[in-house]
Amino acid sequence: MQNPPPVQTPKSSTGLDENIAALLAYIFHWVSGLIFFLIEKESRLVRFHAMQSILLSVVVAVVVIALLIISFIVGLISTQLPGFLGTIVSLVIWLVWMVLWFGVLIAWIICLVKAFQSQYFKLPIIGNFAEKFSAK
């Protein structure tokens, strides 16, 4: 019985295997995404995941800044509330932060796995933009 021939993984113009380059585009968030988006000339898979990494990082940054502002304002207001009510408001803000970070972590891990599997996995909303921008 013979062993099956090894599967050839397509190479990107960076010299790396496509799936490795796509995975690396997510590792350092927008920085590695931008690097791979700029240097990759041939592989649509790598360009797609690089652009999705950039867009995911931008969206997370905007949401974090907005949530910081909201948290600050709500924190100032909650200091004026009676003891127990202020504690509940602070707990709700903390829970919102935990849900945000947990969601971002899960999305990032899924993107890493799908990129390594050479699959086009589109995140809601930004995946469509990544597809449009990477096709150019």
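Please read all numbers here as calculations on a predicted model, not as lab measurements. (Residues numbered from 1 in each chain as written. Predicted model: local features only at pLDDT ≥ 70, side-chain atom pairs only at ≥ 80, totals over all residues. Heavy atoms only, no water.)

## Observations concerning the pattern of salt bridges
Then comes step 1: A full pass over the atoms with the stated rule returns 2 salt bridges.
Then comes step 2: One salt bridge connects D17 with K11, and the closest N-O pair in it is separated by 3.0 Å.
Then comes step 3: The class of D17 is partly exposed, set by a relative accessible area of 25%.
Then comes step 4: Classification of K11 as exposed rests on a relative accessible area of 54%. (Salt bridge = Lys/Arg side-chain N within 4 Å of Asp/Glu carboxyl O. Buried < 20%, exposed > 50% of the residue type's maximum accessible area, 1.4 Å probe, protein only.)

## Description of the confidence of the model for the protein chain
Parts of the model with low pLDDT should not have their predicted coordinates read in detail.
Then comes step 1: Per-residue pLDDT for the protein chain has a mean of 90; in total, 95% of the residues score no lower than 70.
Then comes step 2: Within the protein chain, the lowest mean pLDDT, 92, falls on helix α4 (residues 83–116), and the highest, 95, falls on helix α2 (residues 30–39). (pLDDT = per-residue confidence, 0-100. Helix = DSSP H or I, 4+ residues; strand = E, 2+ residues; numbered from the N terminus.)

## Structural notes on the side chain of S78
Then comes step 1: Mapped onto the fold, S78 is located in helix α3 (residues 44–78).
Then comes step 2: We classify S78 as buried; its relative accessible area is 9%.
Then comes step 3: Within the structure, the side chain of S78 is placed 3.0 Å from the backbone oxygen of G75, a separation counted as a polar contact.
Then comes step 4: Setting aside chain neighbours within four positions, we find S78 in contact with G86, V89 and S90. (Polar contact = N/O pair within 3.5 Å; in protein donor to acceptor, adjacent residues only side chain to side chain. Contact = heavy atoms within 4.5 Å.)

## A look at the side chain of Q52
Then comes step 1: Examined against the element boundaries, Q52 turns out to sit in helix α3.
Then comes step 2: Engagement of the side chain of Q52 in a polar contact is seen with the backbone oxygen of F121, the distance being 2.9 Å.
Then comes step 3: In this view, Q52 contacts Y26, C111, F121, K122, L123, I126, G127 and A130; residues no more than four positions away in its chain are not counted.

## Details of helix α5 (residues 126–134)
Then comes step 1: Buried within α5 are the following residues: I126, G127, A130 and S134. End-on, the buried residues of α5 take up no more than an arc of 100°, which puts them together on one face.
Then comes step 2: Buried residues in α5 make contact with α2 and α3. (Arc of directions from axis to C-beta.)

## Points about helix α1 (residues 18–27)
Then comes step 1: For α1, the complete set of buried residues consists of E18, N19, A21, A22, A25 and Y26. Buried residues along α1 cover an arc of 165° about the axis, so they all sit on one side.
Then comes step 2: Of the residues one or two after α1, H29 is the one with positive phi, at around 55°.

## Side note on the nonpolar core
Then comes step 1: Ranked by internal contacts, the top residues of the largest apolar core, which has 28 residues, are F36, W97, L100 and L123.
Then comes step 2: Elements with a minimum of two residues in this core: α1, α2, α3, α4 and α5.
Then comes step 3: Ranked by residue count, the leading element in this core is α3, at 11 residues. (Core = buried A, V, L, I, M, F, W, Y, C linked by side-chain atoms within 4.5 Å.)

## Let's talk about the packing of α3 against α4
Then comes step 1: Closest axis-to-axis distance for the α3/α4 pair is 10 Å, and the angle between their directions is 175°. By the angle between their axes, α3 is roughly antiparallel relative to α4. Two secondary-structure elements touch here, α3 through H49, Q52, V60, V63, V64, L67, L68, S71, V74 and S78 and α4 through G86, V89, S90, I93, V96, W97, L100, W101, V104, C111 and A115. (Axes fitted to C-alpha atoms, helices over the stretch in contact; angles between N-to-C directions. Parallel < 35°, antiparallel > 145°, perpendicular 65-115°, else oblique.)

## Remarks on the packing of α2 against α3
Then comes step 1: Across the interface, α2 lies against α3 with an axial gap of 8 Å and an inter-helix angle of 145°. For α2 against α3, the interelement crossing comes out left-handed. Residues W30, G33, L34, F36 and F37 of α2 touch α3, and the partners they reach there are V46, R47, A50, M51, S53, I54 and S57.
Then comes step 2: Across the contact of α2 with α3, the residue classes tally to 8 nonpolar, 3 polar and 1 charged. (Left-handed = near helix turned anticlockwise from the far one by under 90°. Nonpolar A, V, L, I, M, F, W, Y, C, P; charged D, E, K, R; others polar.)

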